[in-house]
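Now for the letters of each chain:
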Amino acid sequence: MDLITLIERIGEAPTAALFGLLTGVVFGASAQRSRFCLRAATVEFARGKMQDSVAVWLLTFSTALVWVQGAQMLGLMDSYSARMMAVPGSWSGAMIGGLIFGVGMVLARGCSGRLLVLAATGNLRSVVSGLIFAVVAQMSLSGILTPLRNQLASLWVTSGGRNMDLLAATRLPDFAGLLIGAGIAMLALVLARRNRIGATRLVFASGVGFAVALGWVLTFSLSQVAFDPVQVESATFTGPSANTLMFFLERDSVLQFDIGLVPGVFIGALIAAALGGELKFQAFDDAPTMRKAMTGAAMMGFGGMLAGGCAIGAGVTGGSIFVGTAWLALFCMWIGAMATDWLVDQRGAVRTA
C-alpha cells in the first residue's frame, strides 16, 4: 500500500498519528534495551569517566546524524522544511532552558524520554514525575507560565526569521554532516570496545538514532502528498507530552504525529521490557528522593519548553539536522547536569559520609 492509498483510506491526521506510533515503538523498544540516557552519560562524564552510558549516547547521537544526513542527501528528507528550522529560534531560551532542563534531569534521575521508557517497565517514580513534567510543559506552552517563557525566549532570537543552520552558517559542504556523524560513531565504537559493550546493546542504541531519522522521513513524505499543511518533525517529548495530555482531556482534540509518538514509546518499551523479563513495580526510595524527582520533573517541563526541546528533541532530533539553537541547548543541558551532579550528588555524598 502506497502513502496516497493509506491517506485515502484512513485520512491525513490518522496517518500522521500512525507514523508517530511507529516512530515511538521503535524508539521505546530501542531505548529500553540499550538503556539510553543522557543523564547517565552526563553523570559519567562529570565524574571523569567515559564508560557505557557515554558510549551509548554518542552512538545514538551519531547514528541519528548519519541516518538523517544520509536521507537528506538521497532526497528523502529536507531539513529546510523542518518546523524547528523554519521558525525563529531563541538563543536565550536555549541557554536558560537548557541549563534548567539539565538541572532537572539530574534531580529527576532521568530526562523526559527516559522517564517515559521507565514508566512502561513499572517504575512508579517515573509515572509520577512524567505526569508532573507533562502538566508543567502544558502550563509553559499555553498556561500560567507562558508569559515568563515568552519573556525569556524573546531576550535573544535568531535573525532572518528562521533558525540557524550550522552547516550553512559555517559554509561546510553538504556531506560534512555525514562525516561528522561518522567521526562521532568511531569514537563511540572505540569506547564501546573499551567498556566491552555487547553487540545487542549497540544495535539497540543505534535503533534510537534510527527512530529519529524514521520520524523525519515519514513526516517529510507525508508533507509532500498531504492536502493540509503537515509539520515535518520527529521524536521529542516536551510538546508531545503536553499535547498528549490535553488530547485525553479535551473533546475537540485532533490526531497528529505527537499523539501517536508518546503512546508508541510506552508500547515499545513495555514490549521490550516484557520480552526481557524486566517488568517490575518500583516506587520512591524515600521522601527526599520524591521531592527531588518532582522538582526535577517540573524544571524539565519548563526548561524543555523554553529551550525548544528536551534532551531528545533538541539534543538528538534537532541536533541531527544541525539546528543552531538545538546544539546550544544540548550543550547547556550537559553543563547544567554536570554542575548539579557535582553540587548535589557528589558533594552531598561527601557531606553525609
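In the block above lies the structure referred to throughout.
Here the structure is a predicted model, which means the values were calculated and not measured. Within each chain, residue numbers correspond to sequence positions counted from 1 in written order. Reporting in this predicted model follows two pLDDT cut-offs: at least 70 for local features of residues, and 80 or more for side-chain atom pairs to be given and counted; totals over whole chains, interfaces and linings ignore these cut-offs and use all residues. The side-chain values count all of the structure's non-hydrogen atoms but skip hydrogen atoms and water molecules.

1. Points about the packing of helix 7 (residues 112-120) against helix 14 (residues 257-275)
To be explicit about the condition: Comment: axis = line fitted to C-alpha atoms, over the contacting stretch for helices; angle = value between 0 and 180 degrees taken between N-to-C directions. Here a helix means four or more residues in a row that DSSP labels H or I, a strand means two or more in a row labelled E, and each is numbered from the N terminus. In this scheme, roughly parallel covers angles under 35 degrees and roughly antiparallel covers those over 145, while 65 to 115 is roughly perpendicular and the rest are oblique. Handedness of each helix crossing follows the sense of rotation of the near helix against the far helix: counterclockwise by less than a right angle gives left-handed, clockwise gives right-handed. Pairs of residues are marked as contacts when any of their non-hydrogen atoms sit within 4.5 Å.
Running from N to C, helix 7 and helix 14 point in directions that differ by 50°, and their axes come no closer than 8 Å. The angle between helix 7 and helix 14 places the two elements in the oblique class. Along this stretch, helix 7 crosses helix 14, giving a crossing that reads as right-handed. Residue-level contacts link Leu 116, Val 117, Ala 119 and Ala 120 of helix 7 to Val 262, Val 265, Phe 266, Ala 269 and Leu 270 of helix 14.

2. Topic: the environment of Ala 31
Tracing the backbone through its elements, the reader meets Ala 31 in helix 2 (residues 12-34). Considering only alpha carbons, one finds Ala 31 and Arg 114, 83 residues apart in sequence, at a separation of 7.8 Å. Apart from residues no more than four positions distant in its own chain, Ala 31 is found in contact with Phe 36, Arg 114, Val 117 and Val 208.

3. A short note on the environment of Gly 104
Put simply, the rule reads: For each residue, the accessible area found with a 1.4 Å probe, counting protein chains only, is set against the maximum for its type, and the residue is called buried under 20%, exposed over 50%, and partly exposed in between.
Here Gly 104 lies in helix 6 (residues 91-107). Since its relative accessible area comes to 0%, Gly 104 is described here as buried. Separated by 193 residues in the primary sequence, Gly 104 and Ala 297 have C-alpha atoms spaced 6.0 Å apart.

4. Focus on helix 6
To keep it simple, the criterion reads: Take the residue count of a helix, subtract one, and multiply by 1.5 Å to get its expected span.
Look at helix 6: 24 Å from first C-alpha to last across 17 residues, which is about the 24 Å you get at 1.5 Å a residue. For helix 6, the complete set of buried residues consists of Trp 91, Ser 92, Gly 93, Ala 94, Gly 97, Gly 98, Phe 101, Gly 102, Gly 104, Met 105, Val 106 and Leu 107. Arg 109 occupies a position one or two residues after helix 6 and carries a positive phi of about 60°.

5. Focus on the side chain of Arg 125
Stated precisely, the cut-off is as follows: Positive charges come from Lys and Arg, negative ones from Asp and Glu, while His and the chain ends are left out of the count. Within this document, salt bridges are pairs made up of a side-chain nitrogen of Lys or Arg and a carboxyl oxygen of Asp or Glu, the two lying within 4 Å of each other.
Take Arg 125: it is sitting in helix 8 (residues 124-142). Buried charge without a partner: Arg 125 forms no salt bridge, and the closest opposite charge is Asp 285, 6.5 Å away.

6. Topic: the state of the cysteines
Put simply, the rule reads: For the purposes of this analysis, a disulfide is any pair of cysteine sulfur atoms at a distance within 2.5 Å.
Applying the stated criterion across every chain, the model contains zero disulfides. Looking at Cys 37, it has no disulfide partner, and the nearest cysteine sulfur is the one in Cys 111, 5.7 Å off. Cys 310 carries a free sulfur, and the closest cysteine sulfur to it, the one in Cys 111, is 6.4 Å from it.

7. Observations regarding the pattern of salt bridges
With the rule as written, the count across this model stands at three salt bridges. Arg 47 is the partner of Asp 341 in a salt bridge, and the nearest nitrogen-oxygen pair spans 2.8 Å. Note that Asp 341 is positioned in helix 17 (residues 324-352) and Arg 47 in the loop between helix 3 (38-46) and helix 4 (52-73), a separation of 294 residues in sequence. Overall, the relative accessible area of 0% leaves Asp 341 in the buried class. A residue is classified by how much of its surface remains accessible, and Arg 47, at 40% relative accessible area, is partly exposed. The shortest N-O distance in the salt bridge between Asp 52 and Arg 201 comes to 2.8 Å. Of this pair, Asp 52 sits in helix 4 while Arg 201 sits in helix 12 (residues 199-225), and the two are 149 residues apart along the sequence. The exposure class assigned to Asp 52 is partly exposed, which follows from its relative accessible area of 24%. Among the residues examined, Arg 201 registers a relative accessible area of 11% and is labelled buried.

Any link to function would need more than the numbers given here.
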